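Each chain, written out:
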Amino acid sequence: MMPMNDIHFAIFLYSLSLGAQICAAVLSLTAIRFSNHYRTGCILLSLGLVMMIGRRISPIQSILHGNDVNLIDAWLSIPISVFLLLGIIGVRKILSDMQEKNKKLEQIARFDFLTGVLSRAETFFRTEQEIERSLRYGTPLSFLMLDIDHFKNINDTYGHQVGDEVLKHLAIFCQASLRKIDIMGRVGGEE
């Protein structure tokens, strides 16, 4: 017969590991929201962790029903559960960082870094959308393209910083004249 202290200690260890695995399972379930690309992996990981909870409950039930206590298994359950929890915390951190960086990359791709208006690629994408919408509904559509004559002379005479300021202020001035539904983008270059 196993001493009562060993039984209580084993139940305590299994309970700690059970708590760590419940936390890991909950954290993995909440990681599903981070990325569509990794959703299947997060769901499978969550299912595995939920099943592992049963692996922590069954020894407790076995002990309570008078079966033998395996102190080695009870001790090993702690680092296993802690490593799973720390691993899930790490995966969530990676997914969170990646989501934040993807938002920044999307922002960089969609907007011109200098003027804050739509980037060249986004301008052409939105232009195609507006042309398709106009054709589909038979509504009129208008475009306005501005070109600063001899802009190269501004850069050559006053420097690129002054040229950048001219572009920024022109963008601010033009945007102030637009409606909310209008779009404005920078095509850039000499074309």
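This report concerns the structure included in the present document. These numbers were taken from a predicted model, which means no experiment stands behind them.

## Some words on the overall build of the protein chain
- From N to C terminus, the protein chain includes six helices and zero strands.
- Counting from the amino terminus, helix and strand elements in the protein chain follow one another as α-α-α-α-α-α.
- For 191 residues, the compact-globule formula gives about 16 Å, and the C-alpha radius of gyration of the protein chain, at 31 Å, lies well above that figure.
- Taken along the three principal axes of its C-alpha coordinates, the protein chain extends 95 × 45 × 25 Å.

## Some details on the packing of helix α2 (residues 39–64) against helix α3 (residues 71–110)
- One way to put it is that α2 packs onto α3 with a least axis distance of 12 Å and a crossing angle of 160°. By the criterion of interaxial angle, the relationship of α2 to α3 is roughly antiparallel. Two packed elements cross with a definite hand, and for α2 against α3 that hand is left-handed. Two secondary-structure elements touch here, α2 through C42, L45, L49, M52, R55, R56 and P59 and α3 through D73, S77, I80, S81, L84, I88 and L95.
- In terms of residue class, the contact of α2 with α3 is made up of nine nonpolar, two polar and three charged.

## What about the pattern of salt bridges?
- Enumeration according to the criterion identifies ten salt bridges in this entry.
- Of the charged contacts in the structure, one is a salt bridge between K104 and E100, with a shortest N-O distance of 3.6 Å. One end of the pair, K104, and the other, E100, are both in helix α3, four residues apart, so they sit about a helical turn from each other.
- Among the ionic pairs, K168 bridges to E165, the shortest N-O distance being 3.3 Å. Of this pair, K168 and E165 both sit in helix α6 (residues 160–176), separated by three residues, roughly a single helical turn.
- Residue E165 is classed as partly exposed on the basis of its relative accessible area, which comes to 36%.
- One network of salt bridges, in which partners are shared, links R110, E122 and R126.

## Structural notes on the nonpolar core
- Within the largest apolar cluster, nine residues are counted, these being I7, A10, I11, L13, Y14, I60, I63, V69 and A74.
- For this core, the secondary structure elements donating two or more residues are α1 (4–30) and α2.
- At five residues, α1 tops the list of elements feeding residues into this core.
- Beyond its immediate sequence surroundings of up to four residues, I60 is in contact with Y14 and S15.
- Formed by eight residues, the second largest nonpolar core is a distinct cluster that contains A20, A24, I53 and I88.

Conventions adopted
Here the residue numbering is sequential within each chain, running from 1 through the sequence in written order. Selection of residues for local features in this predicted model requires a pLDDT of at least 70, selection of side-chain atom pairs for listing and counting requires 80 or more, and totals for whole chains, interfaces and linings are taken over all residues. As a convention, hydrogens and water are excluded, and side-chain values are obtained from all of the structure's heavy atoms. For the purposes of this entry, the term helix denotes a DSSP run of H or I that reaches at least four residues, the term strand denotes a run of E that reaches at least two, and both are numbered from the N terminus. Only C-alpha atoms enter the radius of gyration, while the globule expectation follows 2.2 Å times N to the 0.38, with N the number of residues. Note on geometry: axes are lines fitted to C-alpha atoms, helical ones only across the stretch in contact, with angles between N-to-C directions running from 0 to 180 degrees. An angle below 35 degrees is read as roughly parallel, one above 145 as roughly antiparallel, one from 65 to 115 as roughly perpendicular, and any other as oblique. Here a crossing is taken to be left-handed if its near helix is turned anticlockwise relative to the far helix by less than a right angle, and right-handed if that turn runs clockwise. Any two residues whose heavy atoms approach within 4.5 Å are treated as being in contact. When residues are grouped by polarity, Ala, Val, Leu, Ile, Met, Phe, Trp, Tyr, Cys and Pro land in nonpolar, Asp, Glu, Lys and Arg in charged, and all others, Gly among them, in polar. Only one rule defines a salt bridge in this text: a Lys or Arg side-chain nitrogen within 4 Å of an Asp or Glu carboxyl oxygen. Relative accessibility decides the category of a residue: with a 1.4 Å probe and only protein chains considered, values under 20% of the type maximum give buried, values over 50% give exposed, and everything between is partly exposed. For our purposes a nonpolar core is just a set of buried Ala, Val, Leu, Ile, Met, Phe, Trp, Tyr and Cys residues, chained together by side-chain atoms within 4.5 Å.

Function-wise, these values are silent; they only describe arrangement.
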